[in-house]
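Listed below are the residues making up each chain.
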Amino acid sequence: MTTTFRRSPLALALLGLLYREPMHPYAIQQRIKQWGKDKVVNVGQRASLYKTINRLREAGLVTVRETERDQQYPERTVYEITAAGRAACHTWMAEMLETPRNEFPEFPAALSFLALLTPETTHALLARRRERLVADLAALEADAANTAGLGLPRVVTLEDEYLRAVTSAELGWVEGVLDDLTEGRLSWDQESLAAFAEQAAR
């Protein structure tokens, strides 16, 4: 069953946390947020968390350890990782780290149809994206400054380094395209595109 399980960032995060200690879903969600892993793993919807845990349990990668009962809280099911789960965690890590994967993000998809817009509209939209990227990068750098004095091992913050590098690279690229649009080095119109398409079809 485990060989057919479709891995995901959330599934990996669940196995990674349970690798260290048994936990109940709410504690897992809070730990992901406390450690800042919610920048790379979407835990905003608790239903997705429970659904993934159930899939992991059905696949034999985690199992129920106990059900906690407390008068102050609802019943909480504590899960622990299985031997198969530990093996899957290592396999997924190896596959994710060594093999680049096309995850089909939205931005390149939109770029592939820019010809439907005018250069002026494109400039306005990318200018707004630049503003958001500047804000995102500033937030990432502020987080890095805040954690710099905590003495954390670098290995636990590598995803933050990656996010800063990727955001900085995208910002630089967007600024370059905006400059080209402003200076007229990048331009198009529907007539010339239609003529090109007609010529290419011959």
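Here goes a summary of the coordinates provided. Computed from a predicted model, the values in this text were never measured in an experiment.

### Observations concerning the overall build of the chain
Check the secondary structure of the chain and you find 8 helices and 2 strands. When the helices and strands of the chain are placed in sequence order, the string is α-α-α-β-β-α-α-α-α-α. Over its C-alpha atoms the chain spans a radius of gyration of 23 Å, topping by over 25% the 17 Å that the globule rule assigns to 202 residues. For the C-alpha atoms alone, the extent of the chain along its principal axes is close to 70 × 50 × 35 Å. Counting across all 202 residues of the chain, residues that qualify as buried make up 26%. A separation threshold of at least 6 residues defines the contact pool for the chain, and within that pool the share at least 24 residues apart is 67%. Between the centroid of the 24 positive side chains of the chain and the centroid of its 28 negative side chains there is a distance of 7 Å.

### Some thoughts on the packing of helix 1 (residues 9-20) against helix 4 (residues 83-98)
Running from amino to carboxyl end, helix 1 crosses helix 4 at an angle of 130°, the nearest separation of the two axes being 10 Å. Considering the angle they form, helix 1 stands oblique to helix 4. As helix 1 packs across helix 4, the resulting crossing turns out to be left-handed. Residue-level inspection shows P9, A11, L12, L15, G16 and Y19 of helix 1 in contact with helix 4, the latter providing G85, R86, A88, C89, H90, W92, M93 and M96. Split into classes, the residues belonging to the contact of helix 1 with helix 4 amount to 10 nonpolar, 3 polar and 1 charged.

### Some points on the environment of V166
Within the secondary structure layout, V166 lies in helix 7 (residues 158-183). Separated by 80 residues in the primary sequence, V166 and R86 place their C-alpha atoms 30 Å from one another.

### Considerations on a nonpolar patch on the surface
A cluster of nonpolar side chains, contributed by L150, L152, V155, V156 and L158, occupies part of the molecular surface with about 460 Å² of accessible area. A residue is classified by how much of its surface remains accessible, and L150, at 58% relative accessible area, is exposed.

### Observations regarding the packing of aromatic side chains
Applying the stated criterion across every chain yields a total of 2 aromatic pairs. When the centroid spacing of 5.5 Å and the interplanar angle of 20° are considered together, the rings of F5 and W92 count as stacked. With F5 in the segment before helix 1 and W92 in helix 4, this pair connects stretches of sequence that are 87 residues apart. Geometrically, the ring pair formed by F107 and W173 is edge-to-face, given 6.2 Å between the ring centres and 85° between the ring planes. With F107 in helix 5 (residues 106-111) and W173 in helix 7, this residue pair connects regions lying 66 residues apart in the sequence.

### Brief notes about helix 7
Its 26 residues give helix 7 an end-to-end C-alpha distance of 38 Å, which sits within 8% of 38 Å, the value for a rise of 1.5 Å per residue. Buried within helix 7 are the following residues: E159, D160, L163, T167, L171, V174, V177, L178 and L181. Looking at the packing, one finds that the buried side of helix 7 touches helix 5 and helix 6 (119-148). Remark: G184 follows helix 7 within two positions and exhibits a positive phi of approximately 85°.

Conventions and cut-offs
- Note on numbering: residues in each chain are counted from 1, in written sequence order.
- Where totals are concerned, whole chains, interfaces and linings use all residues; where local detail is concerned, this predicted model gives features only for residues with pLDDT of at least 70, and gives and counts side-chain atom pairs only at 80 or more.
- The basis for every side-chain value is the complete set of non-hydrogen atoms in the structure, without hydrogens or water.
- Labels follow the DSSP assignment, with helices taken as runs of H or I lasting at least four residues and strands as runs of E lasting at least two, numbered in each case from the N terminus.
- When we talk radius of gyration, it's over C-alpha atoms, and the globule rule is simply 2.2 Å times the number of residues to the 0.38.
- The cut-offs for exposure are 20% and 50% of the maximum accessible area for each residue type, with area from a 1.4 Å probe on protein chains only; residues under the lower value are buried, those over the upper are exposed, and the others partly exposed.
- The contact definition used throughout considers only heavy atoms, calling two residues in contact when any of these lie within 4.5 Å.
- Counting rule for charge: Lys and Arg are taken as positive, Asp and Glu as negative, and neither His nor the chain ends is counted.
- To locate a charge, take NZ of a lysine, CZ of an arginine, CG of an aspartate or CD of a glutamate.
- Only the stretch in contact is used when a helix axis is fitted, and all axes are lines through C-alpha atoms; the angle between N-to-C directions ranges over 0 to 180 degrees.
- Angular relationships are summarised with four words: roughly parallel below 35 degrees, roughly antiparallel beyond 145, roughly perpendicular across 65 to 115, and oblique for the angles in between.
- A crossing counts as left-handed when the near helix is turned anticlockwise from the far one by less than a right angle, and as right-handed when that turn is clockwise.
- When residues are grouped by polarity, Ala, Val, Leu, Ile, Met, Phe, Trp, Tyr, Cys and Pro land in nonpolar, Asp, Glu, Lys and Arg in charged, and all others, Gly among them, in polar.
- For patch detection, residues must exceed 30% relative accessible area and be free of salt bridges, and they are connected within 9 Å for like charges or within 5 Å for nonpolar side chains (Val, Leu, Ile, Met, Phe, Trp, Tyr).
- Computed by Shrake-Rupley with a 1.4 Å probe, the accessible areas treat only the displayed protein chains as cover when residues are assessed.
- Any carboxyl oxygen of Asp or Glu within 4 Å of a side-chain nitrogen of Lys or Arg constitutes a salt bridge here.
- The pairing test for Phe, Tyr and Trp rings, Trp by its six-membered ring, is centres within 6.5 Å, and the orientation test on the planes gives stacked under 30 degrees, edge-to-face over 60, and tilted for anything in between.
- Given a helix with a known number of residues, its expected span is that number minus one, times 1.5 Å.

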